[in-house]
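# Architecture and fold: a report
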Number of protein chains: 2
Amino acid sequence: MTIGIGLLGLGTVGAGVAGILATPSGRHPLVAELELRRVAVRDLARPRPVELAAALLTTDPETVVDDPAVDIVVEVMGGLEPARSLILRAIAAGKPVVTANKAVIARYGEEIAAAAAEQGVYVLIEAAVGGGIPIIEPLKQSLGANRIQRVSGIINGTTNYILSRMAAEGAAYADVLADAQRLGYAEADPAADVQGGDAADKIAILAGLAYGGSVPRAAIPTEGIDRLDARDVAYAAQLGYVVKLLAVAQAMPSEPESTQLLDVRVHPTLLPKAHPLAGVNGVNNAILVEGDPVGQVMFYGPGAGAGPTASAVVADILNIAGIRQATGSGAKVPLDPLLAAGSWRACRLVDSAVTTHRNYVRLRTSDEAGVIGKIGTCFGEAGVSIQSIVQFETQSAGDAEIVVITHDVCEANFRQALAAIQALAGVQTVAACLRTLKGAGSLS
Amino acid sequence: MTIGIGLLGLGTVGAGVAGILATPSGRHPLVAELELRRVAVRDLARPRPVELAAALLTTDPETVVDDPAVDIVVEVMGGLEPARSLILRAIAAGKPVVTANKAVIARYGEEIAAAAAEQGVYVLIEAAVGGGIPIIEPLKQSLGANRIQRVSGIINGTTNYILSRMAAEGAAYADVLADAQRLGYAEADPAADVQGGDAADKIAILAGLAYGGSVPRAAIPTEGIDRLDARDVAYAAQLGYVVKLLAVAQAMPSEPESTQLLDVRVHPTLLPKAHPLAGVNGVNNAILVEGDPVGQVMFYGPGAGAGPTASAVVADILNIAGIRQATGSGAKVPLDPLLAAGSWRACRLVDSAVTTHRNYVRLRTSDEAGVIGKIGTCFGEAGVSIQSIVQFETQSAGDAEIVVITHDVCEANFRQALAAIQALAGVQTVAACLRTLKGAGSLS
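Residues numbered from 1 in each chain as written. Chains lettered and ligands numbered in written order. Predicted model: local features only at pLDDT ≥ 70, side-chain atom pairs only at ≥ 80, totals over all residues.

### Some remarks on the relation of the copies chain A and chain B
Applied cut-off: Residues reaching a pLDDT of at least 70 in both copies supply the C-alpha atoms on which the copies are superposed by least squares. Residues are defined as contacting one another if the C-beta atoms placed from their backbone atoms lie within 7 Å.
You can overlay chain A on chain B at an RMSD of 0.0 Å; the transform is a turn of 180° with a shift of 0.0 Å along its axis. The relationship between the two copies is best expressed as a two-fold rotation axis. Looking at the interface residues of chain A, 100% of them are also at the interface in chain B, so both copies use one shared face.

### Some thoughts on the packing of helix H1 (residues 12–22) of chain A against helix H11 (residues 306–327) of chain A
Helices that pack against each other are described as a pair by the angle of their axes relative to one another and the distance between those axes. Residues and elements named next belong to chain A. Selection rule: To obtain each axis, a line is fitted to C-alpha atoms, and for helices this fit is confined to the stretch in contact; angles are then taken between N-to-C directions over 0 to 180 degrees. Comment: elements are numbered from the N terminus, with helices defined as DSSP H or I runs of at least four residues and strands as E runs of at least two. In this scheme, a crossing is called left-handed if the near helix is turned counterclockwise away from the far one by less than a right angle; it is called right-handed if the turn is clockwise. Just so you know the grouping, Ala, Val, Leu, Ile, Met, Phe, Trp, Tyr, Cys and Pro go in nonpolar, Asp, Glu, Lys and Arg go in charged, and all remaining residues, Gly too, go in polar.
Interhelical geometry of H1 versus H11 gives an angle of 65° and a closest axis separation of 8 Å. Between H1 and H11 lies a crossing of right-handed hand. Every residue of H11 that contacts H1 at Thr12, Val13, Ala15, Gly16, Val17 and Ile20 is listed here: Ala306, Gly307, Thr309, Ala310, Val313 and Val314. Of the residues belonging to the contact of H1 with H11, the class tally is eight nonpolar, four polar and no charged.

### Comments concerning the sheet that holds strand S4 (residues 72–75) of chain B
All names here are of chain B. Inclusion rule: Only strands that DSSP links by at least two bridges are regarded as paired with each other.
Read from one edge to the other, the open sheet built from six strands follows the order S3-S2-S1-S4-S5-S6, with strand pairing classed as parallel. Each of the sheet's edge strands pairs with one partner strand only, and the pair in question is strand S3 (57–58) and strand S6 (123–124). Relative to strand S5 (residues 97–99), S4 runs parallel, the two sharing three bridges. If you follow valine 73 over to S5, its bridge partner there is valine 97. Set on the sheet, helix H11 (residues 306–327) makes contact with strand S1 (3–8), strand S2 (34–40), S4, S5 and S6; between it and S4 the angle comes to about 165°.

### Some remarks on the packing of helix H6 (residues 157–169) of chain B against helix H7 (residues 173–183) of chain B
All names here are of chain B. Short version of the rule: Comment on the angle field: the value is read as roughly parallel under 35 degrees, roughly antiparallel over 145, roughly perpendicular from 65 to 115, and oblique elsewhere.
Interhelical geometry of H6 versus H7 gives an angle of 125° and a closest axis separation of 9 Å. Compared by their axis directions, H6 and H7 come out oblique. Judged by the sense of rotation from one axis to the other, the crossing of H6 with H7 is right-handed. Residues Thr158, Tyr161, Ile162, Arg165 and Met166 of H6 lie in contact with H7, whose contacting residues are Tyr173, Val176, Leu177 and Ala180. Along the lines of polarity and charge, the residues of the contact of H6 with H7 split into seven nonpolar, one polar and one charged.

### Remarks on the interface of chain A and chain B
At the junction of the two partners, chain A supplies 56 residues and chain B supplies 56 residues. Where the side of chain A that touches chain B is concerned, the elements lending two or more residues are H1, helix H5 (136–141), strand S11 (295–302), H11 and helix H12 (337–340) of chain A. Here the side of chain A that touches chain B takes 13 residues from H11 of chain A, the largest share from any one element. Its residues placed into classes, the side of chain A that touches chain B shows 31 nonpolar, 19 polar and six charged. Here S11 of chain A runs beside strand S11 (residues 295–302) of chain B; their pairing, made up of three bridges, is antiparallel. Bridge assignment links phenylalanine 299 of chain A to a residue of S11 of chain B, and that residue is phenylalanine 299 of chain B.

### Topic: helix H14 (residues 411–422) of chain A
Residues and elements named next belong to chain A. The line we're drawing: The span one expects for a helix is its residue count, reduced by one, times 1.5 Å. With C-beta atoms placed from the backbone, the exposure class of a residue follows from how many other C-beta atoms lie within 10 Å of its own: 20 or more, buried; 12 or fewer, exposed; in between, partly exposed. The directions considered for the arc are those from the helix axis to the C-beta atoms.
Along its 12 residues, H14 runs 16 Å from first to last C-alpha, staying within 8% of the 16 Å computed at 1.5 Å per residue. Looking at H14, one finds that the buried residues are Phe414, Ala417, Leu418 and Ile421. The buried residues of H14 occupy an angular sector of 100° when projected down its axis, which confines them to one face.

### Focus: unusual backbone geometry
Residue and element names in this part refer to chain A. Residues aspartate 292 and proline 293 are joined by a peptide bond in cis, for which omega reads 15°. Note on placement: proline 293 falls in the loop between strand S10 (284–292) and S11. In this model, alanine 341 sits at a positive phi of 55°, which is unusual for a non-glycine residue. Within the element layout of this structure, alanine 341 appears in the loop between H12 and strand S12 (346–349). Accessibility expressed as a C-beta count within 10 Å gives 25 for alanine 341, which makes it buried.

### Section: the pairing of strand S17 (residues 427–436) of chain B
Residue and element names in this part refer to chain B. Where strand S9 (residues 259–272) and S17 come together, two bridges link them in parallel fashion. Its bridge partner being in S17, leucine 270 is matched across the sheet by threonine 436. Where strand S13 (residues 356–366) and S17 come together, eight bridges link them in antiparallel fashion. Looking at the pairing, arginine 358 lines up with threonine 436 of S17.

### Let's talk about the environment of cysteine 347 of chain B
Topologically, cysteine 347 of chain B is positioned in strand S12 (residues 346–349). In the structure, cysteine 347 of chain B is positioned 140 residues away from alanine 207 of chain B in sequence and 9.1 Å away in space, judged by C-alpha atoms.

Geometric values such as these leave the question of function open.
Put into structure tokens, the structure is as follows:
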């Protein structure tokens, strides 16, 4: 039984998908039963890396969705619209959808899931997070026995590439970004990557699956790497840490149990060098899932690229093809609740003032006796316990740089201490403030 | 719709499963629909870590399989028999099976799969490899678009614990083994772990899934760590490697395409310190899958233990429960081919004489001029190209130890060179011979 595939978009990922479908030999035998029947492109005349019959191509994506020969709609065009409308149109037509579009899913996931549940179709999104890394299906199908405590990950390849090079070369952010753009690792407009928005989209999706409820994307505190100073990367290294753009979703104690309170956030974070995520370099991604009773499991691999992402898209198509063999493809067949991954509780974001965490703070001070004592006193008076205070040499005479790493402290107390420190006579500025995970912390 | 679970075995893993089923809150809502209805134990009187109603327990496992209230049979008793017969009995009764029993699946997988296909029931085995790490389902459901080039892994926790301690402490194998036994990380009879049999069981299973055909378990070349000398661990470290018990299944060029030729093996292997698997320590496991087009993806986590293994067992139960909601549970419902993972091609093991690989060789020689030259000549005459030859200091006067690391060379040529070297006047013995992965290789 051949299954008709309609492709919306024939960019890097779309061409990768078409390439896999055209060369089934050596892959799972179900691949040979998938047939590309219609492809929406922006420009018919543009040269493409895959050869496709001209009759397959159209510039009207709606005709792809509506084509009765198309059984599964694959959306790899990106962007919010018309992607969202086309996904909803496919669902309304009772056609399952595979999409790699994290922006649409992070923002309209609830609307799309409701429509899919109503129509009884699957919307699968493995390629939306972590490129080729299987993470969506494992969260849905392999970890359901667990109470998930935390999902944390390096889930943006562009920023990880930049951070890896900053750490290896001691280079400045702007220089590495320019080079990454030249090499194609960063887009001409890098905002979504470097400001953390892409990672926030992805952690919203992972948290929604891990905790069984939609997470308000717009409310996720997000800080990128675009204001990160090479100096902090270097100081972190001297203290035994690497700086990574970490996306985290953590369960908080929740009452009542039907609502899960979550601390979800994206920011540059100091990881102790022995942390499982600390060795993830370049454009690779990794996601660490911590649950009871599984403990820590980690998924690692290429976070982007045509091949890896197409691998994930075709995996989703295969899953839909596979379950159709089991259920038939009639209208309103019941869904497998694991594969469909509907919501089963409400998720709310915690007020960040009440969260506790470790912090790295870099202060620029005048180089005079007693400053460290005054800073220590400010932290102490606010109830902020300190792991280490280290003074680093600077090149400008009369100035000093002091790096403080705190223990796990309440955010509100920490902010109060910072305000007091900023008002100190000898303190010129709070030059940097980064989250930190436990471990390391003294000069090695 | 509550689903009745019958448990065969209430040891560590069985108790872990019972514990999860008894505390569904905070886990996937499907867990609450699973009900433990019958449990086979060896001894009714033995105290257990979980409290179960006495009426659930029986010493007759067949009554668990036959109980009409049992919808899914979970085999966690271990051993070959009666586990195999009970699994087949459940299949014959049309009941899906979840098992953590790698020994049974590695040896009788083909028989069990044939019976399951005939009856149209699922036999799921996530817990059989990698403890809590999702690896079976990702191989079945997330990587089907790929031509798998290689699956390699650290898939035995006991040996990895021993090797990690040998490396960290410079300790001898026998001493660490004794300590591991005292601490419960190694069994009283450690043969299956330390001789590599357990890892061979598991790589047979992974290869069967990755390549879509049954792999002859008995034919897998298997070498354990029981004859590993602490000296080689130390020399490897000086050359930039760590020694791990690696299980590998690699695709070889195959004609005709319907038969996949594989190089499957288990042996202590030198990994360059930068290799993704090199940092996997203690009882953790990790599996690296390399495919086209996905590239390298790695799965990491706790390879054993009650909690992780129970997490994997319950994941399988949930998958069966999930697909039953989609298909109903009537007799002879068609199977999802991805979840069922039937064979789709024949796999044959390659003749190891024609394989190529890198080797680490330690030679004990007399400390006289010209020995290195003669050794180099022997390798050269056999067409074995060498990456490095290093002489290490020994404590006994007059003796020397020479370590050779070869490039990728044909096994037959390599054996021929070794025979010639053994016959050299200055060479006392070939003290060790280990496989090596590319990278590192000179004194650091």
